[in-house]
Amino acid sequence: MQAAIAVYPGSFDPFTNGHLDIISRALPFFQRIIVGVVWNPNKQPLFSSAERVDMIQQVCQKFGERVEVLSFTGLLVDFVESQGARVVLRGLRAISDYEYEGQLALTNRHLRPAIETFFLMAREEVSYVSSSMVKQVAMFGGDVSGLVPAVVAERLRAQESKVVVSDKN
């Protein structure tokens, strides 16, 4: 059987417990998962690509060599192909995600028919968590500790000039 490699792309700004949920639940299906941190020209990131890669590497070190974190620019299908993968891993939080994700999957299939998209529904405990929501909560001083891994919460606290994070526990 061919070693199955999946690419889990996203801006991950910041990386959330929802993202971690998708990775940990997808690992039984893939030999390796490459977390692809993409630069999105339509977004103003809070963290640089290097900072996001570093945080995700720290969070995912418990998975060993099965999870690799890389940054990329350009077309997702080109990155997937360059990594020797044939699967794009995408998380779905709600039915509303399906329309957007479906469009992306069909576009990717048009560009590279051999690349498939694997959708995984988020667990209900994290289905409401989004990076945008985390940034907004942090900006207004809310406690994000249950929404993001500890290293991410620490980095959000360090972004005092951009975001204020509560120390509530």
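Described below are features of the structure shown in this document. Predicted, not measured: the structure shown is a model, and the values here were computed from it.

Another point: the packing of helix 2 (residues 49-60) against helix 6 (residues 150-158). One can describe the packing of helix 2 onto helix 6 by two numbers: an axis separation of 9 Å at closest approach and a directional angle of 145°. From helix 2, Glu51, Asp54, Met55, Gln58 and Val59 reach across to helix 6, where they touch Val151, Val152 and Arg155.

Our next topic: the environment of Asp97. Among the secondary structure elements, Asp97 is positioned in helix 4 (residues 95-111). Given the relative accessible area of 13%, Asp97 is considered buried. Taking the C-alpha atoms as reference points, Asp97 and Leu27, 70 residues apart in sequence, are found 22 Å from one another.

What follows deals with the nonpolar core. By size, the foremost hydrophobic cluster in this structure holds 38 residues, and its most contacted members are Phe15, Ile23 and Ile33. Elements that contribute at least two residues to this core include exactly strand 1 (5-10), helix 1 (17-26), strand 2 (32-38), helix 2, strand 3 (67-72), strand 4 (87-92), helix 5 (131-139) and helix 6. Counting residues per element, this core draws most heavily on helix 2, at five residues. Apart from residues no more than four positions distant in its own chain, Ile23 is found in contact with Tyr8, Phe15, Ile33, Val35, Cys60, Phe63 and Val67. Core analysis: the second largest hydrophobic core is formed by twelve residues, Val7, Phe72, Val80 and Val88 among them.

Definitions and cut-offs
- Residues numbered from 1 in each chain as written.
- Predicted model: local features only at pLDDT ≥ 70, side-chain atom pairs only at ≥ 80, totals over all residues.
- Heavy atoms only, no water.
- Axes fitted to C-alpha atoms, helices over the stretch in contact; angles between N-to-C directions.
- Helix = DSSP H or I, 4+ residues; strand = E, 2+ residues; numbered from the N terminus.
- Contact = heavy atoms within 4.5 Å.
- Buried < 20%, exposed > 50% of the residue type's maximum accessible area, 1.4 Å probe, protein only.
- Core = buried A, V, L, I, M, F, W, Y, C linked by side-chain atoms within 4.5 Å.

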